[in-house]
Every structure is written in structure tokens, then in C-alpha cells.
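Now for the letters of each chain:
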Amino acid sequence: MTKQIILTRRAVIASGIALGVGALAPAARAAAPLKVAGIHASPVENAWNSCLHKALQDAAKEGVIEYAFSEGVSGTDYPRAMREYAEQGNKLIIGEAYAVEKEARQVAGDYPDTAFVLGSSGEAAGSNFGVFGTWNYDGAYLAGMLAGKMTKSNVVGSVGAVPIPEVNMLINAFAAGVKAVNPNCKHLVSFIGTFFDPPKAREAGLAQIDAGADVLFGERIGTADAAKERHIKSVGSLIDYTPRYPDTVFANAMWYFRPILNAAIADVAAGKPVGRNYTAYGLMKEGGSDIVYVKGTASAEAEAAMEKVRADIKAGTFEVPKVPDQPK
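Parameters and conventions
- Residues numbered from 1 in each chain as written.
- Predicted model: local features only at pLDDT ≥ 70, side-chain atom pairs only at ≥ 80, totals over all residues.
- Heavy atoms only, no water.
- Axes fitted to C-alpha atoms, helices over the stretch in contact; angles between N-to-C directions.
- Helix = DSSP H or I, 4+ residues; strand = E, 2+ residues; numbered from the N terminus.
- Left-handed = near helix turned anticlockwise from the far one by under 90°.
- Contact = heavy atoms within 4.5 Å.
- Nonpolar A, V, L, I, M, F, W, Y, C, P; charged D, E, K, R; others polar.
- Buried < 20%, exposed > 50% of the residue type's maximum accessible area, 1.4 Å probe, protein only.
- pLDDT = per-residue confidence, 0-100.
- Phe/Tyr/Trp six-rings, centres within 6.5 Å; stacked < 30°, edge-to-face > 60°.

**Student:** Tell me about the packing of helix α6 (residues 137-150) against helix α7 (residues 165-181), residues and numbers included.
**Tutor:** Relative orientation of the contacting elements α6 and α7 amounts to 35 degrees, with a least axis distance of 6 Å. Between α6 and α7 lies a crossing whose hand is right-handed. From α6, Y137, A140, Y141, A143, G144, M145, A147, G148 and K149 reach across to α7, where they touch M169, L170, A173, F174, A176, G177, V178, A180 and V181. For the contact of α6 with α7, a count of residues per class yields 14 nonpolar, three polar and one charged.

Structural data, given as C-alpha cells:
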């Protein structure tokens, strides 16, 4: 695992170091900590929410923000939580609008002086409702390249949450990476119908293994449990699952929320509108995503071919196909 060094706010100001793409502007770094709230529909242990939570916690530890949060907030309670945090004087609210797209925009309209930057499949609205997607599909494509060369059964599987564009793009990218190196490989896809149900993801993974898959892409937590149980390899998404499953998860399509958060904080601190799409800060070429993998699991030739494409992605000379349609 990469060792992370936490910089204090004073050290950042003194050195002028930029914390990721879209780093905080000098005025933002010099100002008092910004009051920021996080509203998580799932527990913060859920991979996606943990990416947001860690970035927010790190920013708070550095003195950049003051951070308060709620987790496991249901769709019916979500608008109320948004209103309460706005009433409490939070200047920026981070969260997710996937289940409450219409309601979230209505709340933002009622609090024009509060910035809302939420995960969403829709577009930004007005001056204070920004959106971001989870675009770690570059890493998924690269993991697919490795998986396509590792499979012995010529069948791989993907377990996803629900077929929203962000999830679809991730699974489609993994499949494209597999097909790029192994055109005849079969790809199985299952959706569990919710964003957090590890036992259900495990069951979906076991079903795919029973259907012949010998490498699984776990877009959802729980997939690796099936792979571990049946002694096959698995790919993780969003966070590094290898330490938790050292003999099972050989690669992870990482996503780092900090560049998106930095850009949003900088806009709020500078008095700029946040009604824009922050998704691109999460791309590999912007430092917002990557692949981490256990070297030696795939062949040296497979790793070299993958690393060539990885370098091309970072250089902007290769673009992973972005396919938002539901995979079949």
C-alpha cells in the first residue's frame, strides 16, 4: 500500500504544495476552515462513501475545513438532512442525489447561499448545485486487461449495484479491457438492486462462479467474499481491497475524491458558483483515479501491455470507452 503523508494546513501554506488536482487556491488556504457537511445515504464503510468520508476527514485534519456528517440517511430523510445542515451554517454540503434528484435540487433552490456538490447522474443546476460522477473506469479498463489474460475458463463476471450510468460505465470499461486482450472471453453481469448489501453481492458472485467465471470484478462490497470462498481472483473498486483479501483481490480500480473536493472548496472559498460538473477531476489523467495491483499475479507480458496503456491514459493519448448504457 502507498504510504500517505498528512500535511498540516500550516505546512501547506508555508510550502505552497498543491494537494491534488484542483488544489485549493491561496485565498482558500489562508482563510478560516470552511464549514462542510457530508450526508451519506449508506454507512461510511461502504466503499463509495468511504472515499468521500476519508477525503473530508483528511481535509479536516489539515485544518482546511470543519467537517460534520450523517450516515445511513434514507431517501425520505435526505432532503430534511440537507435543510438542517444548511440551517446550521454549513457553506458546502457534500453528498449524493441519486435517489433524490428532484428533491435535492428543490432544497438547493431554497438555500441559495449554501453550496451543494452531490454525486448525481443529472446535470448541475443554478449557481449553487454542483454534481460529480464516479469515473474510475480508467482503472477498471486496465484491471480488465489483466483479468482477460488471467482467466483460464474464458469467463469473467461483474457484480454491480444498480444500472445507473456511473456503474454501467465502470462495468463496461472492465469488459472492454478484457475484450481488448481476449476477444473471445465471456462476460457475466449481475446487479444487486441496492448500493449496500454485501451478502447479496456475495450471492451474486457465487452464482457467476457457478456459471464458469474464474475472475470477478466487484463493483460492490461482498463480491470478493465469493471469490475468496471459491479460491478465485477478484478485482476491487474505489478503494484498495487487497489488504483485506490478500490472496484474492489482485487489482483495484481506485477513485480519489480529494481532487473533486479541493476544487469545490476552492470555488466556495473564492465566492465562485459551484453550479458545474466536477466529474473530470476524478479521471486518471487528472490524478483522481488509478489502478493498484499485485505485481506478479498476471504474467509479465500482460502487466507490460497494461502499463503501456496506463501511461497513454495519463498522457491523454488513449481514452477508455465511456459507455453509460446498461451492460448485457
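**Student:** I'd love a proper account of the environment of A227, names of residues and values included.
**Tutor:** Examined against the element boundaries, A227 turns out to sit in helix α9 (residues 223-230). With relative accessibility at 0%, the residue A227 sits in the buried group. Spatially, the C-alpha atom of A227 lies 8.0 Å from that of I209, the residues being 18 residues apart in sequence. Filtering out sequence-adjacent residues up to four positions away, A227 remains in contact with I209, L216, I232, K233, S234 and T248.

**Student:** So, the confidence of the model for the chain: which residues are in play, and what are the values?
**Tutor:** Caution applies to low-pLDDT regions: their predicted coordinates should not be interpreted in detail. Chain-level statistics for the chain give a pLDDT mean of 91 and a share of 91% at 70 or above. In the model, residues 1-30 has pLDDT below 50 throughout and makes 47 contacts with residues more than four positions away in sequence or in other chains.

**Student:** Run through the packing of aromatic side chains, naming residues and quoting values.
**Tutor:** To describe a pair of aromatic rings, you give the distance between the ring centres and the angle between the ring planes. Under the defined criterion, the tally for this structure stands at 12 aromatic pairs. With a centroid separation of 5.7 Å and 55 degrees between ring planes, the pair formed by W135 and Y137 is classed as tilted. The same class applies to W135 as to Y137, namely buried. Put simply, the rings of W48, Y98, F132, F195, W255 and F257 touch in pairs and so form one group of aromatic residues.

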